[in-house]
Amino acid sequence: MIEIERKFLVKSEVYKTKASTKTRIVQGFLNTDPNRTVRIRIKGDLGYITVKGKSNETGTSRFEWEKEISVEEADALLKLCEKGILEKSRYEIPLGNHVYEVDEFYGDNLGLTVAEIELISENEMFDKPDWLGKEVTGEVKYYNSQLSKNPFINWG
């Protein structure tokens, strides 16, 4: 259960015209320790609990375990989360053999849009569309767990 992903800033809204889906997400963190982050998420009409381990040195790989739970359970657990609930819309954009997940944030993270792509290996080749900006893989401040504590609005 190792997750391998790369993360990029997004420099235009062209991705919206390529999206196959758009889903509203609300998420919070029961624990933001980088060694064992515990996330609660409501994505559309589904709930999830996710445990992520510490990232490797490049920030591309880490342990991830996820289980679907009811929206009612997720809603109850969100009330126990640390301060800083995140709200965003996720757009899924198929490209070649991959799907980019583009998160457009709201609230204190308004103005931040980040794209992620999951890979089979760290060295796997993938298409990079024109709307992708700077790569921010491994930059901790872009982790959702950190955006909940130090939102984009504070970066000034």
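Residues numbered from 1 in each chain as written. Predicted model: local features only at pLDDT ≥ 70, side-chain atom pairs only at ≥ 80, totals over all residues. Heavy atoms only, no water.

Asker: Tell me about the overall build of the protein, residues and numbers included.
Answerer: A tally of helices and strands in the protein yields three helices and nine strands. Helices (α) and strands (β) of the protein occur, in sequence order from the N terminus, as β-α-β-β-β-β-α-β-β-β-β-α. The C-alpha atoms of the protein give 15 Å as radius of gyration, which agrees with the globular expectation for 156 residues (15 Å, within 12%). The principal-axis extent of the C-alpha atoms belonging to the protein is close to 40 × 35 × 30 Å. When the accessible surface of the protein is summed, it comes to about 8,500 Å², and 51% of that surface belongs to carbon and sulfur atoms. (Helix = DSSP H or I, 4+ residues; strand = E, 2+ residues; numbered from the N terminus. Rg over C-alpha atoms; globule rule 2.2 N^0.38 Å. Areas by Shrake-Rupley, 256 points an atom, 1.4 Å probe, with all protein chains shown as cover.)

Asker: Pulling in residues and values, what's your account of the side chain of Glu-64?
Answerer: Along the chain, the position of Glu-64 falls in strand E5 (residues 61-69). Of note is the side chain of Glu-64, whose polar atom sits 3.2 Å from the side chain of Lys-52. Those residues within four positions of Glu-64 in sequence are excluded, and the remaining contacts are Met-1, Glu-3, Thr-50, Val-51 and Lys-52. (Polar contact = N/O pair within 3.5 Å; in protein donor to acceptor, adjacent residues only side chain to side chain. Contact = heavy atoms within 4.5 Å.)

Asker: Could you give an account of the packing of aromatic side chains, with specific residues and numbers?
Answerer: Tallying each qualifying case throughout the model produces six aromatic pairs. Ring centres 6.1 Å apart and planes at 65° place the aromatic pair Phe-8 and Phe-126 in the edge-to-face group. Of this pair, Phe-8 sits in strand E1 (residues 2-10) while Phe-126 sits in the loop between strand E8 (113-118) and strand E9 (132-135); the two residues are 118 residues apart in sequence, bridging distant segments of the chain. Looking at Phe-8, the relative accessible area reads 3%, which means it is buried. For Phe-126, a relative accessible area of 14% gives the class buried. Relative to Trp-131, the ring of Tyr-100 has its centre 5.5 Å away and its plane inclined at 75°; by these criteria the two rings are edge-to-face. Taken as a pair, Tyr-100 in strand E7 (residues 98-105) and Trp-131 in the loop between E8 and E9 lie far apart in primary sequence, 31 residues in all. Residue classification places Tyr-100 among the buried positions, given a relative accessible area of 0%. An aromatic cluster of three or more residues is present, and its members are Tyr-15, Tyr-91, Tyr-100 and Trp-131. Directly above the aromatic system of Tyr-143 lies the positively charged group of Arg-62, at a separation of 5.2 Å from the ring centroid. Here Lys-141 stacks its cationic end above the ring of Trp-155, 4.5 Å away from the centre of that ring. (Phe/Tyr/Trp six-rings, centres within 6.5 Å; stacked < 30°, edge-to-face > 60°. Buried < 20%, exposed > 50% of the residue type's maximum accessible area, 1.4 Å probe, protein only. Lys NZ or Arg CZ within 6 Å of the ring centre and 35° of its normal.)

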